[in-house]
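Structural overview
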Amino acid sequence: MKKIILQIVCIGSSVLLFAQKKPLDHTVYDQWQAVSDKKISNDGKWLVYTVNPQQGDGETIVQSFDRMYRKVIPRGYNATITEDSKYAIVKIRSYFKTIREARIKRKMADDMPKDSLAIITLGQDSITRIPRVKSFKIPKRTGGTWLSYLHEKGLNEPKTRYVPDSLSEMTSLTRMVDSLIYVADSLRNMAQEIKAKGIMALLVREKKDSGTALRSGQEGTELVLRNLSTGVGKQFDLVSDYYFNDKGTVLIISTTKKNRDSLSKAAVLWVNLVTGKIDTIFKRFNEIKNLAIHEDGTQLAFIAERDSVSRSTRKLYKLWYFKPGMDSARLIADTTTTGIANGLTVNENAKPIFSKDGKKLYFSLSSIRRQKDTALVEFETARLDIWNYKDDYLQPKQLVDLNKNLIKGFLAVIHEGQDKVVQLGAEDAEEIMLLDEGNSDYVLATSTRGNRIESQWLGYEGKTAYLISTGDGSRKKITDKQRGFFTASPQGKYVIWYEAAARQYFTYHVLTGEIRNITKSIPESLYDDEDDHPDDPPSYGVGGWIEKDKAVLINDKYDVWQVDPEGIKLPQNITNAYGRKNKIELRNIRFDRTDERRLRRDSVDNPIKANQVLIFSAQNKTTKYDGFYTKALGKKGDPDVLIMSADTYMQPEKAENAEAFLVTKANIQEINVYASKNLKGFTKMSNLNVQQETYNWLTSELVRWKMFDGRESEGLLFKPENFDSTRKYPVIFYFYERNADGLFNYRAPAPSASTINIPYFASNDYLVFVPDIHYKTGQPGEDAYNSVVSAARHLSAKPWVDTARLAIQGQSWGGYQVAYLVTRTNMFAAAGAGAPVANMTSAYGGIRWGTGLNRQFQYEHTQSRIGASLWDKPDLYIKNSPLFSANKITTPLLIMHNDADGSVPWYQGIELFTALRRLGKQVWMLQYNGEDHNLVERRNRKDLSVRLAQFFDHFLKGAPSPKWISEGVPATLKGIDWGLEVKASSTDKKSY
């Protein structure tokens, strides 16, 4: 009896606990937190991560791996840890409120609140704070000694100070000056905050924000070079830009002249951080761009312009070069240099690149563009776009790419000790990849020229690949009309690509010119065998190269294969078919820090060592569990499981010199940062969204059912945390392609960009179901019916589902499916369609204004899945278009379609709305001004969230309708009345 009473008390307590939790409302969004910028030190002992609310002031956390040390930097962001694992450097924003008030008062850029900088000595309590910092840099690969930071322009810039010849000179006077500067900057910050709060009344002129780049003629500001180990600092005035070499032995500084000082000259300084010597290596220039220093600090290249030109003449930039021992930088390339063709000049928009061995310097050439005739009167000249059927690209595509094309260039190279240029890139070799980090005698070039017009209906541009000699520019064709990407092995011995039509991988041997199918012996499919687009399926990708270009890792659906690039040795399944046997997708994780390599036009990751222990990300496709496995290359047998759990593990960070990991782990209940020594056990480091405990949250479960065609499908069912199986709940079905693999994803309440926010609706006593959609070619509408309506019928059999209160909502492709479904069934009490295609016949020839592409390809080969042209199968276009069956719609429909939609033409929403309006159907359309396909502005997202809730509350819960639903809002009240107020009436209210 006591046991029964205790159980009753426990149940009663649980019910009371849930009853005390409040539902989410639209005021909670701003406070909800997410984590970003997570980093772990090289020795694995320290970590940093940033926690930001959706709107407001965030913080950066600096923490020890053992959790014995923790520092919080309010409003911190862009944090990094030095290579020696001794210091954390963090930028600090001004208060969100202060920035907001300054924006309201339209302050000039120089008067806007400025960032500051924090230097944390890891393990110690002290934090050094430096005000008004524009940017900071540390060397990429060094002992962590040096930090440089550039100040923002001050209200009263200090006069130019004497710069001593030795970095070791540090006197008490310098210390005192630095202290005074700190105090002065602090006072300036205080004055700025006072001014932002309206206490100080100043006359402010409107001025556009120039961003971080200096405008022509603008003075540079103070740069501080600081030795973090000794605390010694050094100042340089009028600095516009600065660069460390990777090893931290050299600092390059570009300065501007001082305005109103005719004797002042712009200069480039070479600062030797080992000896302390400072050399001026370049003077008397108008503009300097794209300084590039070799990683070992032995060579420098940059682009500069120093000639006097008129407004009607284009500036011609030149390439300059310096290395220690030279008196000053010397000119090595301009329009007169051998090898630079007539009509070409040095491209100022591309950064030069040194080869890894330092023997080649790559840079870019560009055409000397015709200048606009300034003598013409603008209002007397025609303004138009001319479309020509012979154009490679349609005019909208050309206009989208205009800025990119105005600065595009052709790669060229200068060899060490030579005074001629070898042009590598061209109009028919527009994309270039360096081989072996530029050391190779060849580069890999690709071109889509000659294959662009048909991309209008194919959806891709066939590529021709070449090897181009860096010695003389001669070419060897590899293959042509391939889709996808060509890449190279790390040492440049092989070029590899996936041939979609053959569904195989091929390599090209750079020395012999042989092409080989290297995967024909693999018995498993290397392509997505579940892809249901009417096109060749994509591959599962490449997992990396083994050192010395010995082998490449290639993925099948579940496992990873080690493949001989020569195609001679038989491929080996290094995961021993464990993935396929257990339906677990295994993928090799790359922990390489390769950002700088990608900037070098080299997308190849660092090679995998022959005996390296690999770590695989894993997802069980049956249970949806996530985790990690491991196995050493060359070891026989199955991979070893590290962990598999009902969680989602996002890309882990690994310490470079230690077995220590930092990973974001999430599930339906939480998302937080965790640390791990072995990816088996995890220690929680963060504590995000503690306020969630006070709200009625949600649960998730995987549901499987048979569709009308007999195939099994799966979907995600979300319930409120206080779900009561004795009640009946309304259900909203949301769908877009397939989402079941995201069972354990964390879903934050957030204002809607276009779709229902699942946590909000679940918290407010809705069920939300997300079914996967499966397709066949030519019937996307009926396939949506097969998937969604069968799911609705399956759920309707549950006693806790209110079958009279079902609804559907989707955006874009999901919006189209919503529009189609309401022509086929009246089982839904309400429907929401965002940016729907209503008429495939008119949408087929339209433009995706965001990309400038014609829409034909997506009907014939991609998402719309018709699989034929409008002229080949016009009946399929009509059959799948909701517009032609609009008279059958009885479901109240809410459309959102914005007037700057760059994906689905806005007139599609208008066609559907005007058709339903004429037919006397219940229809509303939300048109957010100047907004794209999905809402960008947070104010509009908040507005849509309220309206979606009001719409479904009215039609599914019987809530009174707001004015915008019952009456509308006339244009005369635009910006005055948003129509959100609710007026209950006896005729309006429904029972629930």
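This part covers the overall build of the chain. In terms of helices and strands, the chain carries 17 helices and 55 strands. When each of the 992 residues of the chain is scored for burial, the buried share is 51%. Summarising the internal contacts of the chain: among those between residues at least 6 apart in sequence, 58% fall at separations of at least 24. A total accessible area of about 46500 Å² is found for the chain, and carbon and sulfur atoms account for 50% of it.

A positive phi is found at Leu679, a non-glycine position, where the angle reads about 60 degrees. Its place among the elements puts Leu679 in the loop between strand S44 (671-676) and strand S45 (683-684). Residue classification places Leu679 among the buried positions, given a relative accessible area of 0%.

Let's shift gears to the sheet that holds strand S12 (residues 233-244). The strand order S9-S10-S11-S12-S13-S14-S15 describes an open sheet built from seven strands, whose pairing is antiparallel. Either end of the sheet is taken by a strand with one partner, and the two such strands are strand S9 (133-137) and strand S15 (278-283). Between one strand and the next, the sheet's axes are offset by a mean angle of 40 degrees, whatever the strand orientation. Direction of pairing for strand S14 (residues 267-272) relative to S15: antiparallel, over a ladder of five bridges. Across the sheet, Trp270 pairs through a bridge with Asp279, a residue of S15.

Here we come to the nonpolar core. In terms of nonpolar packing, the biggest core is built from 59 residues, with Tyr49, Phe718, Ile732, Phe761, Phe951, Phe952 and Leu956 touching the most fellow members. Among the elements that line this core, the one with the most residues is helix H16 (residues 938-957), at seven residues. Those residues in contact with Phe718, other than ones at most four positions away along the chain, are Ile668, Leu698, Thr699, Ser700, Arg747, Ile758, Tyr766, Leu767, Val768 and Val770.

The element strand S27 (residues 463-469) is extensively covered by neighbouring structure, given that seven of its seven residues are classed as buried. Residues of S27 alternate between two faces, with Lys463, Ala465, Leu467 and Ser469 on one and Thr464, Tyr466 and Ile468 on the opposite face, all of them buried. As judged from the six bridges shared by strand S26 (residues 442-447) and S27, these two strands associate in the antiparallel manner. Bridging from a neighbouring strand, Thr446 pairs with Ala465 of S27. Direction of pairing for S27 relative to strand S28 (residues 475-482): antiparallel, over a ladder of five bridges. Within the sheet, the bridge partner assigned to Leu467 lies in S28 and is Lys476. Taking the residues that link successive antiparallel strands as the turn, the S27-S28 hairpin has five residues, and the phi of Gly473 there is positive, at about 80 degrees.

Right, let's get into the confidence of the model for the chain. Looking at the chain, the pLDDT average stands at 90 and 89% of residues meet or exceed 70. Across residues 13-17 the pLDDT falls below 50, and counting only partners more than four positions away or on other chains, this stretch makes zero contacts in the model. Per-residue pLDDT stays below 50 along residues 594-603; that stretch engages in 27 contacts with residues further than four places along the chain or on separate chains.

All right, on to the packing of aromatic side chains then. What describes a pair of aromatic rings is the distance from one ring centre to the other and the angle between the planes of the rings. A full pass over the atoms with the stated rule returns 37 aromatic pairs. Summarising the aromatic geometry, the rings of Trp32 and Trp697 are spaced 5.8 Å apart at their centres and angled 5 degrees between planes, so their arrangement reads as stacked. Separated by 665 residues along the polypeptide, Trp32 in the loop between helix H1 (2-20) and strand S1 (33-40) and Trp697 in the loop between S45 and strand S46 (698-706) bring together distant segments of the chain. Residue classification places Trp32 among the buried residues on the basis of a relative accessible area of 1%. Geometrically, the ring pair formed by Phe761 and Tyr766 is edge-to-face, given 5.2 Å between the ring centres and 75 degrees between the ring planes.

This next bit is on H16. Taking 1.5 Å as the rise per residue, H16 with 20 residues should run 28 Å; its terminal C-alpha atoms sit 27 Å apart, in good agreement. Most of H16 is tucked away: 15 of the 20 residues are buried. Where H16 ends, the next residue or the one after it, Gly958, has phi of about 75 degrees, a positive value.

Further remarks concern the pattern of salt bridges. Tallying each qualifying case throughout the model produces 49 salt bridges. Taking the shortest distance from any N to any O, the salt bridge between Lys581 and Asp638 comes out at 3.9 Å. Of this pair, Lys581 sits in helix H7 (residues 578-582) while Asp638 is found in the loop between strand S39 (626-632) and strand S40 (640-645), placing the two residues 57 residues apart along the sequence. For Lys581, a relative accessible area of 56% corresponds to the exposed category. Beyond isolated ion pairs, a larger network of salt bridges with shared partners links Asp529, Glu530, Asp532, Lys557, Glu737, Arg738 and Arg865.

An ideal rise of 1.5 Å per residue puts 16 Å on 12 residues; helix H11 (residues 813-824) measures up with 17 Å between its terminal C-alpha atoms. When you tally the buried positions in H11, you get 11 out of 12 residues, the bulk of the element. Trp813, Gly814, Gly815, Tyr816, Gln817, Val818, Ala819, Tyr820, Leu821, Val822 and Thr823 are the residues of H11 that are buried.

So, about the environment of Met685. Within the secondary structure, Met685 sits in the loop between S45 and S46. For Met685, a relative accessible area of 6% gives the class buried. Between the C-alpha atoms of Met685 and Ala675, which are 10 residues apart in sequence, the distance is 6.7 Å. Dropping the residues within four chain positions of it, Met685 is found in contact with Leu47, Tyr49, Gln63, Ser64, Phe65, Arg67, Val673, Tyr674 and Ala675.

So, how was this worked out
Residues numbered from 1 in each chain as written. Predicted model: local features only at pLDDT ≥ 70, side-chain atom pairs only at ≥ 80, totals over all residues. Heavy atoms only, no water. Helix = DSSP H or I, 4+ residues; strand = E, 2+ residues; numbered from the N terminus. Buried < 20%, exposed > 50% of the residue type's maximum accessible area, 1.4 Å probe, protein only. Contact = heavy atoms within 4.5 Å. Areas by Shrake-Rupley, 256 points an atom, 1.4 Å probe, with all protein chains shown as cover. Pairing = 2+ DSSP bridges. Axes fitted to C-alpha atoms, helices over the stretch in contact; angles between N-to-C directions. Core = buried A, V, L, I, M, F, W, Y, C linked by side-chain atoms within 4.5 Å. pLDDT = per-residue confidence, 0-100. Phe/Tyr/Trp six-rings, centres within 6.5 Å; stacked < 30°, edge-to-face > 60°. Expected span 1.5 Å × (residues − 1). Salt bridge = Lys/Arg side-chain N within 4 Å of Asp/Glu carboxyl O.

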